[in-house]
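# Coordinate inspection notes
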Amino acid sequence: MNPKVDDFISNAKKWQPEMEQLRLLLLDCGLSEEFKWRTPCYSFQGNNVVLIGSFKEYCALSFFKGTLLQDTDGILCKPGENSQAVRFFKFTNLEEIIEQQSIIKAYIYEAIEIEKAGLKVNFKSNTELELVEELQNTLDKNPDLKVAFQALTPGRQRAYNLYFSGSKQSKTRETRIEKYTPRILDGKGINDCTCGLSKKMPSCDGSHKYIRAENK
């Protein structure tokens, strides 16, 4: 078990029992536990397989290549209209995780087999990326931001678009875009390190939290 995941779950304001149960299921399936993007991440032979997520209304088990899963039970959710790869389980109580643990494990094992087979998600070309309305409007009004956004890699553009479109309210989407505008202008992706403390540059692995805590 990763001590950073221990801290994450113990300090979580919601879904502690649910996340702990999901954690046990993932470890029981033989996945390696890491802490990436400020959340528990589980991998197979160095390849990311699934994340545990904590949200206001639910906790989630998000599969990186969820679109390749057969989803025979039809229970996986899509993060947004533009999501080409990620699919996730949504949980609102511990009981439903316990009741569905055999199904959850079956999906985890299938995701592992996908990694063993070396399967890849066939992403659409970046020209087919349909930007959320608020982002498109902001880019049209800010030429510098538009140039900076277009200079990002297709993956970074998709990540921003997915995050911005994740809110149901237009005002929240606009707030998110405003918050991340400086990061885009700096040529950084939404998951990129901006402080230089990450041990897995250019991605942020949350190292800054622990390094700063040790220096206090």
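Up top is the structure.
Keep in mind the model is a prediction, meaning the values are calculated, not measured.

## Quick look at empty space enclosed by the protein
Rolling a probe over the atoms, with the probe sized like a water molecule, indicates the empty space that remains. Applying the stated criterion across every chain yields a total of 1 cavity of 30 Å³ or more. Reported here for the largest cavity is a volume of approximately 60 Å³. Lining the largest cavity we find Asn48, Val49, Phe63, Phe64, Lys65, Gly66, Leu69, Ala111, Ile114 and Glu115. Taken together, the elements giving at least two residues each to the lining of the largest cavity come down to strand 3 (47-54) and helix 4 (101-116). Counting residues per element, the lining of the largest cavity draws most heavily on helix 4, at 3 residues. Its residues assigned to classes, the lining of the largest cavity shows 6 nonpolar, 2 polar and 2 charged.

## Describing the packing of helix 2 (residues 16-28) against helix 4
Two elements in contact, helix 2 and helix 4, have axes separated by 10 Å at closest approach and are oriented at 50 degrees. Relative to helix 4, helix 2 is oriented oblique. Helix 4 is crossed by helix 2, and the crossing has right-handed handedness. For the pair helix 2 and helix 4, contact is made by Gln21, Leu25, Leu26 and Asp28 and by Gln101, Ile104, Lys105, Ile108 and Tyr109, respectively. Considered class by class, the residues forming the contact of helix 2 with helix 4 number 5 nonpolar, 2 polar and 2 charged.

## A few points about the pattern of salt bridges
This model, assessed by the stated rule, comprises 10 salt bridges. Its salt-bridge partner being aspartate 6, residue arginine 23 comes within 2.7 Å of it at the nearest N-O pair. Note that arginine 23 is positioned in helix 2 and aspartate 6 in helix 1 (residues 3-11), a separation of 17 residues in sequence. On the basis of relative accessible area, arginine 23 is assigned to the buried category, the value being 2%. A salt bridge links arginine 173 to glutamate 134; its shortest N-O distance comes to 2.9 Å.

What counts, and where the lines are drawn
- Residues numbered from 1 in each chain as written.
- Predicted model: local features only at pLDDT ≥ 70, side-chain atom pairs only at ≥ 80, totals over all residues.
- Heavy atoms only, no water.
- 1 Å grid on protein atoms, 1.4 Å probe; cavity = no way out; pocket = protein on both sides within 12 Å on 5 of 7 lines; lining within 4 Å.
- Points joined across faces, edges and corners; volume = space filled by probe spheres on them.
- Helix = DSSP H or I, 4+ residues; strand = E, 2+ residues; numbered from the N terminus.
- Nonpolar A, V, L, I, M, F, W, Y, C, P; charged D, E, K, R; others polar.
- Axes fitted to C-alpha atoms, helices over the stretch in contact; angles between N-to-C directions.
- Parallel < 35°, antiparallel > 145°, perpendicular 65-115°, else oblique.
- Left-handed = near helix turned anticlockwise from the far one by under 90°.
- Contact = heavy atoms within 4.5 Å.
- Salt bridge = Lys/Arg side-chain N within 4 Å of Asp/Glu carboxyl O.
- Buried < 20%, exposed > 50% of the residue type's maximum accessible area, 1.4 Å probe, protein only.

By themselves, these observations are geometric and do not establish any function.
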